[in-house]
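Residue strings, one per chain:
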Amino acid sequence: MRSVDLNLLVAFDALMAERNVTRAAERVGLTQPAMSKALNRLRGLFADPLFVRHDRAMAPTPRAVELSGPIRGALADISRTLTLTADFDPAAARATVTIATIDLYHVKLLPALVRQLRLKAPGVDLHVRVNDCASLHTQLAAGEIDLAFAPLGTRTDEMHAEPLWTDRLVTLVGASNPLRDPLTMEAYAAAAHLVDAGHVQVSPDGVGTSVVDAILKARGLRRRIALVLPHSAGVPFVVAATDLIATLPSRIVKGLTTLAGVRLVAPPFSDVEVSPHMFWHRRAHDDPLQAWLRGMIRAIATEA
């Protein structure tokens with residue numbers, strides 16, 4: 001460590017973000033020649049080109065990609081350590097918190113969270129990005145995001161996962177849809193084979209499968225997913241205008257049924273519990289700001 005200038009790691013992180021020497025220099029307040037010099041030193045330090053020119057940009061080498069997560073995480077740790085105070089005062093905090101989530105939780109969590117931040121921690125800015133479930137652990141480990149909300153949670157040695165609430169599934173159908181309670185598993189799946197019928201699935205990553213498909217598969221059944229949407233906001237409009245049906249958590253559906261022409265039916269697996277989870281990295285477990293923020297989110301989730 002004595003031979004490593006930590007400012008080189010800051011330069012590396014900027015180069016990874018910008019993929020351009022001039023913009024990376026501006027990002028960290030260096031001149032373009034100084035950033036070029038830093039890049040040459042980084043190449044010597046890691047015995048790798050790190051960045052190569054490709055289509056007017058600088059593409060990272062496999063070695064650079066391998067280094068990017070640990071370096072960003074280390075810089076985030078250092079930044080947090082330097083800004084810690086003995087007695088945390090949210091009203092005096094100045095920070096940016098990045099949360100990854102899917103829009104299914106926007107209605108229940110975000111309005112109350114933003115309101116509480118404005119009241120109790122006005123100097124804390126909130127950045128919300130779309131949750132990429134496949135990269136969630138990597139982004140948390142690298143410090144790219146501070147918290148994440150996802151449908152399923154698994155605690156690991158590096159990640160904490162805590163359920164926010166427990167919910168049940170309900171099915172949203174159009175007013176003229178022939179489906180009626182009580183639905184059998186076969187009738188639910190067969191709805192996909194009616195003319196112009198099928199299921200709507202909300203899937204930010206476009207995969208289009210969920211716990212519902214696993215339940216049907218266990219019974220030797222399969223549904224036709226006729227439409228995959230990245231967000232839930234359009235679901236009631238599609239359901240009201242077509243014979244398609246959608247199965248979502250009940251707390252989410254409550255915010256979608258204000259549109260005339262839709263109604264609810266109980267799916268044949270209404271006893272199945274679905275629980276959104278809050279994720280964070282163990283590195284941030286004792287961070288005063290994040291610990292305070294998680295506590296506030298727990299309180300909001302309890303009342304949601």
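(A) Highlighting the overall build of the chain. Across its full length, the chain holds eleven helices and 13 strands. For the C-alpha atoms alone, the extent of the chain along its principal axes is close to 70 × 50 × 35 Å. For the chain, the accessible surface area stands at approximately 16,000 Å², while carbon and sulfur atoms represent 54% of it. Across the chain, the 33 positively charged side chains and the 30 negatively charged ones have centroids separated by 2 Å.

(B) Representation of the environment of Val-235. Topologically, Val-235 is positioned in helix H9 (residues 235-241). For Val-235, a relative accessible area of 0% puts it in the buried group. The spatial distance from the C-alpha of Val-235 to the C-alpha of Leu-248 is 9.8 Å, given a sequence separation of 13 residues. Among all residues touching Val-235, those that are not within four sequence positions of it are Leu-172, Val-200, Val-202, Leu-229, Ala-246 and Leu-248.

(C) Summary view of the pattern of salt bridges. Scanning all chains against the criterion turns up ten salt bridges. In this structure, the salt-bridge partner of Arg-63 is Glu-66, at a minimum N-O distance of 3.2 Å. On the criterion of helical spacing, the pair formed by Arg-63 and Glu-66 is a turn pair, its members being three residues apart in helix H4 (residues 62-83). Residue Arg-63 is classed as partly exposed on the basis of its relative accessible area, which comes to 31%.

(D) Layout of the side chain of His-281. Tracing the chain through its elements places His-281 in strand S13 (residues 277-281). At 3.0 Å, the side chain of His-281 and the backbone nitrogen of Arg-283 are in polar contact. Sequence-distant contacts of His-281, that is, excluding residues within four places in its chain, are made with Leu-140, Ala-141, Glu-158, Met-159 and His-160.

(E) Examining the packing of helix H1 (residues 6-18) against helix H2 (residues 21-28) more closely. Between H1 and H2, the shortest axis-to-axis distance is 8 Å and the interhelical angle comes to 125 degrees. In terms of axis orientation, H1 runs oblique to H2. Two packed elements cross with a definite hand, and for H1 against H2 that hand is right-handed. Contacts between H1 and H2 involve Val-10, Ala-14, Leu-15, Ala-17 and Glu-18 on the former and, on the latter, Val-21, Arg-23, Ala-24, Arg-27 and Val-28.

(F) Geometry of the sheet that holds strand S3 (residues 95-101). In space, the five strands of this open sheet follow the order S4-S3-S5-S13-S6, with mixed pairing throughout. If you trace the sheet from one side to the other, it starts and ends with strand S4 (124-130) and strand S6 (159-163), each paired once. Strand-to-strand twist across the sheet, computed as the mean angle between neighbouring axes with direction ignored, equals 25 degrees. Bridge count between strand S5 (residues 147-150) and S13: three bridges; the pairing is antiparallel. Note that in S13 the partner of Ala-148 across the bridge is Phe-279. On the sheet, helix H5 (residues 106-120) packs against S3, S4 and S5 and is oriented at approximately 165 degrees with respect to S4.

(G) Just the confidence of the model for the chain, in detail. Counting all residues, the mean pLDDT for the chain is 84, and 90% of those residues have values of 70 or more. Averaged over each element, pLDDT in the chain is lowest for H4 (78) and highest for helix H3 (residues 32-46) (92).

Criteria and thresholds
Along each chain, residues carry numbers from 1 onward, in the same order as the chain's sequence is written. Two thresholds apply to this predicted model, a pLDDT of at least 70 for residue-level local features and 80 or more for giving and counting side-chain atom pairs, whereas whole-chain, interface and lining totals are computed over all residues. The basis for every side-chain value is the complete set of heavy atoms in the structure, and neither hydrogens nor water enter the calculation. Secondary structure elements are taken from DSSP: a helix is a run of H or I of four residues or more, a strand is a run of E of two residues or more, and numbering for both begins at the N terminus. With residues, only the protein chains shown are counted as cover, and all accessible areas are computed by Shrake-Rupley using a 1.4 Å probe. His is not counted, nor are the chain ends; Lys and Arg add positive charge and Asp and Glu add negative charge. Throughout, a charge is located at the NZ atom of Lys, the CZ atom of Arg, the CG atom of Asp or the CD atom of Glu. Remark: exposure states derive from per-residue accessible area (1.4 Å probe, protein chains only) relative to the maximum for the residue type, with buried under 20%, exposed over 50%, and partly exposed in between. Should any heavy atoms of two residues lie within 4.5 Å, those residues are considered in contact. The term salt bridge refers to a side-chain nitrogen of Lys or Arg lying within 4 Å of a carboxyl oxygen of Asp or Glu. The definition of a polar contact used here is a pair of N or O atoms within 3.5 Å, where within protein one atom must be able to donate a hydrogen and the other to accept one, and adjacent residues in sequence count solely through side-chain atom pairs. For every element, the axis is a line fit to its C-alpha atoms; helices are fit only across the contacting stretch, and the angle between N-to-C directions ranges from 0 to 180 degrees. Throughout, the term roughly parallel applies to angles under 35 degrees, roughly antiparallel to angles over 145, roughly perpendicular to angles from 65 to 115, and oblique to all others. By the definition used in this description, the sense in which the near helix is turned from the far one sets the handedness, with an anticlockwise turn below a right angle giving left-handed and a clockwise turn giving right-handed. At least two DSSP bridges between two strands are needed for those strands to be called paired. Confidence scores here are pLDDT values: one per residue, from the predictor, ranging 0 to 100.

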